[in-house]
Structures are given as structure tokens and as C-alpha cells.
Amino acid sequence: MDNLTLRQLRYFEALARHGHFGQAAASCSVSQPALSVQIKDMEETLGAPLFERGTRQVRLTGFGAALAPRVRDILGAVDELGEVARATRGRLVGRLRIGVIPTVAPYLLPRVIGALTQGYPGIDLHIRETLTETLIGELTGGRIDCAIVALPISESGLTEVALFTEEFMLVRPSADAGKPVPDRERLREMRLLLLEEGHCFRDQALSFCNVRSALSRDGLDGSSLTTLVQMVGAGIGVTLIPEMAVAVETRSADVAVQSFTEARPSRTIGMIWRKTSPLATQLGELAEVVRAAGQGEG
């Protein structure tokens, strides 16, 4: 047991999370053979196999499954030591791991990163773009420091700070620009293009239209806002996009963008972090930077 290393624990946690040697190695920025050797050494030290190795996937053994939460606790405690050290410096400096949802990242991050690199020269930014559910898991597991998401999240262990609100805009073919803006009842009858399952923006759009997510939508879902807007430009249907995405996504598409006139769908963008994070003061400072960027200040 004295021969276990922190590196082995991190490799073990990555392999347990990904269930694939190649993906785990990539997440740790090491070669697959290097990760495999460390896992094997760890198993020899502990005297029991940690993983069942298949041709395409690996699974935790019973012993590995029992070990996994303890390893996560150890790594979380180690990471927290680094957070305590950074917190003593009193301002944003050193490594900062920020998660961002895909319907925010391309439009807000350039302004946020620009403000941070200019105002905080000692900062070392690590950006993670993925879906809300994944970000919450990584945040609670200590793999990121904070996340920029659509609120509410309603997780008891997380602090939520609302930053700004933005409207959803209607995007339809440019030939329809002169037509009245449809209300939500009329919108339900149109060919509405939405993001694929897992995106919170999809759920918010469906909620506005009062449409069940489970309805069959063959051929009507896209993996990105870019895809949706280009499909609209090709005359396939209409879609909704957040206001911050309009300038980027519609500049090369033959579409018309309009606001809703009555009930106006919107979302609140905010930041979340662990309530126990020693970096709470610094993250509050970061939230103000994100707020100003979202409101077009600075």
C-alpha cells in the first residue's frame, strides 16, 4: 500500500469514469501504454484486479467499484489543498477550471477570456465545454472549479449565482421575414428544429412551446445551433436560438431573426460552484467578470 501514488489514483479514476483505456489516457494527457502500466502496477500493489478488460470496454470489478468512491474522495481532498493555497492569495491567480455549456461557450467565452487574461495576468485557464448534466457531475467530483450554465440547477451542494437573462430569438427563412411572428400555439404547428436530447436549451424551447420532449422528431434535431440555423436557411423549418448566438450563427445564413411580440421565452445564465469550495470569494469575483461580459460591458 505504501507504493500507491497519486498518479495511479488519477489514472484509476479516469479509467473508471471513461471505461476505455484510450479515452482515459487522452483525458490524462498521457499515452495509453503509460496509463496501462500504472493501472497494472496499482493492481499488483493492491493484490487484486480493479478492472475487467474487454475488447472494446473495461468495467470495474467488485473490488474496483468499492475502491472508486474512496479514490474520488482522496483526489477531491488533494485538489482542495490546492484550492486552499490559491485562496490565500486573495485574487484570481493560478489554475482555474471552468465548465461551460455548448449554447454559451462560443459566444460568451471570447469576451470572458479576454477580460480575464487582461485583468488577471497570473491566471491559468482550463476550459471544459459539455452538457449541463456532465458539468454538474464533474463539479461535484472536483474535476472543475465552476461552471457557466442555464439556471436553475437546484443542487443542494452547489452555490448558484444568476448573472444575466437573455431572450430566445425566432429564426426562419428570409422569405418569411415579412410574415407575422407566430405565437407559441402557431409555433407548435410549424416544423420546429431543435438541439438533440441532452441540451438544456432544447428542453427550454420545448417548454415554451408546451411540447413534450418524448414526441417523435425524426430528422428535426441538430447537434449544434450552427446546424439548426443552416437547416433553416435551406428552408427545412424554423428554430429558436439564444440572443447571444445571433451575431455569430446568422451572419452566413439566409435567414430572418425576430423577437417574439407577446410571451417572450428567455433563460437565465449563471455560475455554479461547490458550497464547500475554498475559492468561493475568487469565484464570486469571476462571476462579476462573466456578468459584465454577458451584458456587453468592458
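Draft legend 1. Structural view of the packing of helix 1 (residues 6-18) against helix 3 (residues 32-46). Where helix 1 contacts helix 3, the axes come no closer than 9 Å and their chain directions differ by 105°. The angle between helix 1 and helix 3 falls in the class roughly perpendicular. Between helix 1, through Arg7, Gln8, Leu9, Tyr11, Phe12 and Leu15, and helix 3, the contact on the second element is made entirely by Ala34, Leu35, Gln38, Ile39, Asp41 and Met42. Of the residues assigned to the contact of helix 1 with helix 3, the class counts are eight nonpolar, two polar and two charged.

Draft legend 2. Structural context of unusual backbone geometry. That bond from Leu151 to Pro152 is cis: its omega, 5°, falls within 30 degrees of zero. The residue Pro152 is located in the loop between strand 5 (146-151) and strand 6 (158-173) in this model. Unlike most non-glycine residues, Ser29 shows phi in positive territory, near 60°. Along the chain, the position of Ser29 falls in the loop between helix 2 (21-28) and helix 3.

Draft legend 3. Here's a closer look at the confidence of the model for the protein. Residues of the protein with pLDDT of at least 70 account for 92%, and the chain-wide mean is 88. Of all secondary-structure elements in the protein, the lowest mean pLDDT belongs to helix 4 (residues 62-87), at 81, while strand 5 reaches the highest, 96.

Draft legend 4. Expanded view of the environment of Gln23. One can find Gln23 in helix 2. Spatially, the C-alpha atom of Gln23 lies 24 Å from that of Thr103, the residues being 80 residues apart in sequence.

Draft legend 5. Looking closely at the side chain of Thr250. By the element assignment, Thr250 lies in the loop between helix 10 (246-249) and strand 10 (255-258). A polar contact of 2.6 Å, which involves the side chain of Thr250, links it to the backbone oxygen of Val246. Discounting chain neighbours no more than four positions away, the residues touching Thr250 are Val229, Ile241, Val255 and Val257.

Draft legend 6. The arrangement of the nonpolar core in detail. Counting residues in each nonpolar core, the largest one holds 69 residues, and the members touching the most others are Leu108, Leu116, Ile148, Met271, Ile272 and Leu286. Looking at which element gives the most residues to this core, the answer is strand 6, with seven residues. The residues touching Met271, leaving out its near neighbours within four places in the chain, are Cys146, Ala147, Ile148, Thr159, Glu160, Val161, Leu163, Leu283, Leu286, Ala287 and Val290. If you look at the next biggest cluster of nonpolar residues, it comprises 19 residues, including Phe12, Ala25, Met42 and Val58.

Draft legend 7. View of the pairing of strand 7 (residues 192-195). When strand 7 meets strand 9 (residues 238-242), the two strands line up parallel, connected through two bridges. Across the sheet, residue Leu192 finds its bridge partner in strand 9, namely Val238. Across two bridges, the pairing between strand 7 and strand 8 (residues 221-222) is parallel. For Leu195, the partnering residue across the bridge sits in strand 8 and is Gly222.

Draft legend 8. Here's a closer look at helix 2. Taken together, the buried positions of helix 2 are occupied by Phe21, Ala24 and Ala25. Viewed along the axis of helix 2, the buried residues span an arc of 100°, placing them on a single side of the element. Close packing links the buried residues of helix 2 with helix 1, helix 3, strand 1 (51-53) and strand 2 (58-60). A positive backbone phi angle near 60° is found at Ser29, which sits one or two residues after helix 2.

Draft legend 9. Geometry of the pattern of salt bridges. Tallying each qualifying case throughout the model produces twelve salt bridges. In this structure, the salt-bridge partner of Arg128 is Glu138, at a minimum N-O distance of 2.8 Å. Taken together, the positions of Arg128 in strand 4 (residues 123-129) and Glu138 in helix 6 (residues 132-140) put the pair ten residues apart, joining distant regions of the chain. A residue is classified by how much of its surface remains accessible, and Arg128, at 34% relative accessible area, is partly exposed. When the shortest N-O distance is used, the salt bridge between Arg267 and Glu166 registers 2.7 Å. Of this pair, Arg267 sits in strand 11 (residues 266-274) while Glu166 is found in strand 6, placing the two residues 101 residues apart along the sequence. Judged by its relative accessible area of 5%, Glu166 is buried.

Draft legend 10. Molecular detail of the packing of helix 5 (residues 105-119) against helix 11 (residues 280-294). Relative to each other, helix 5 and helix 11 sit at 130°, their axes nearing to 9 Å. On the basis of their axis angle, the class for helix 5 and helix 11 is oblique. Crossing of helix 5 over helix 11 shows right-handed handedness. Residues Leu108, Arg111, Val112, Ala115 and Leu116 of helix 5 touch helix 11, and the partners they reach there are Leu286, Val289, Val290, Ala293 and Gly294. A class-by-class count of the residues in the contact of helix 5 with helix 11 yields eight nonpolar, one polar and one charged.

Draft legend 11. Structural detail: the pairing of strand 4. Across seven bridges, the pairing between strand 3 (residues 94-100) and strand 4 is parallel. Note on strand 4: the bridge partner recorded for Leu96 is Leu125.

Reading the values: the criteria
Residues numbered from 1 in each chain as written. Predicted model: local features only at pLDDT ≥ 70, side-chain atom pairs only at ≥ 80, totals over all residues. Heavy atoms only, no water. Axes fitted to C-alpha atoms, helices over the stretch in contact; angles between N-to-C directions. Helix = DSSP H or I, 4+ residues; strand = E, 2+ residues; numbered from the N terminus. Parallel < 35°, antiparallel > 145°, perpendicular 65-115°, else oblique. Contact = heavy atoms within 4.5 Å. Nonpolar A, V, L, I, M, F, W, Y, C, P; charged D, E, K, R; others polar. pLDDT = per-residue confidence, 0-100. Polar contact = N/O pair within 3.5 Å; in protein donor to acceptor, adjacent residues only side chain to side chain. Core = buried A, V, L, I, M, F, W, Y, C linked by side-chain atoms within 4.5 Å. Buried < 20%, exposed > 50% of the residue type's maximum accessible area, 1.4 Å probe, protein only. Pairing = 2+ DSSP bridges. Arc of directions from axis to C-beta. Salt bridge = Lys/Arg side-chain N within 4 Å of Asp/Glu carboxyl O. Left-handed = near helix turned anticlockwise from the far one by under 90°.

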